[in-house]
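Listed below are the residues making up each chain.
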Amino acid sequence: MKCISVYTDNFEAFSDIFDRVVESPLEENEEQEVEGITISHSGDVPEHYLERMSQKPEVVVMKDKSRGLTILQHGKVFEILLPVLETA
């Protein structure tokens with residue numbers, strides 16, 4: 001899964017830029033600023049990362065079933081986990 005970090009604890013601000021963040025063609029380890037909020041492609045995370053993080057009481061887990069992605073919110077960061085399509 002590809003992980004995009006959005007550095008804010010403001011859910012409303014996150015919601016306002018969410019679509020642009022998901023559609024951003026970020027390279028791994030690249031940072032950008034969207035409406036004053038830093039976003040970063042944090043690389044790929046293993047499958048067990050989601051399982052491990054979702055067990056922590058301070059982590060909020062949200063799902064966007066239509067896009068097949070998961071959002072983790074903890075501290076002052078949102079992490080958007082996007083499925084990576086396997087290429088044969």
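The name an unreviewed UniProt entry assigns to the protein is NAD/NADP transhydrogenase alpha subunit, from the organism Paenibacillus auburnensis.

Asker: I'm lost on the overall build of the protein in this one. Help?
Answerer: On a plain count of helices and strands, the protein comes out with 2 helices and 6 strands. Overall, the protein shows an N-to-C arrangement of helices and strands of β-α-β-β-α-β-β-β. Here the C-alpha atoms of the protein give a radius of gyration of 12 Å, agreeing with the 12 Å that 2.2 N^0.38 yields for 88 residues. Each principal axis of the C-alpha distribution contributes one length, and for the protein these read about 35 × 35 × 25 Å. For the protein, buried positions account for 43% of its 88 residues. Across the protein, the fraction of contacts at a sequence separation of at least 24, relative to all contacts at a separation of at least 6, is 53%. In the form shown here, the protein has an accessible surface area of approximately 5600 Å², with 47% of it arising from carbon and sulfur atoms. Distance from the positive charge centre (8 side chains) to the negative charge centre (18 side chains) of the protein: 6 Å.

Asker: How should the pattern of salt bridges be read in this particular structure?
Answerer: Working definition: two side chains of opposite charge can pair if their charged atoms are close together. The full count for this structure, using the stated rule, is 3 salt bridges. A single salt-bridge network, built from bridges that share partners, covers D19, D64 and R67.

Asker: What's the story with unusual backbone geometry in this structure? I'm lost.
Answerer: Among all residues except glycine, the phi angle is most often negative; among peptide bonds, the trans geometry is most common. Despite not being glycine, N29 has its phi angle at roughly 70°, a positive value. Among the structural elements, N29 can be located in the loop between α1 (11–23) and β2 (31–34).

What counts and what doesn't
- Residues numbered from 1 in each chain as written.
- Predicted model: local features only at pLDDT ≥ 70, side-chain atom pairs only at ≥ 80, totals over all residues.
- Heavy atoms only, no water.
- Helix = DSSP H or I, 4+ residues; strand = E, 2+ residues; numbered from the N terminus.
- Rg over C-alpha atoms; globule rule 2.2 N^0.38 Å.
- Buried < 20%, exposed > 50% of the residue type's maximum accessible area, 1.4 Å probe, protein only.
- Contact = heavy atoms within 4.5 Å.
- Areas by Shrake-Rupley, 256 points an atom, 1.4 Å probe, with all protein chains shown as cover.
- Lys, Arg positive; Asp, Glu negative; His and termini not counted.
- Charge placed at Lys NZ, Arg CZ, Asp CG, Glu CD.
- Salt bridge = Lys/Arg side-chain N within 4 Å of Asp/Glu carboxyl O.

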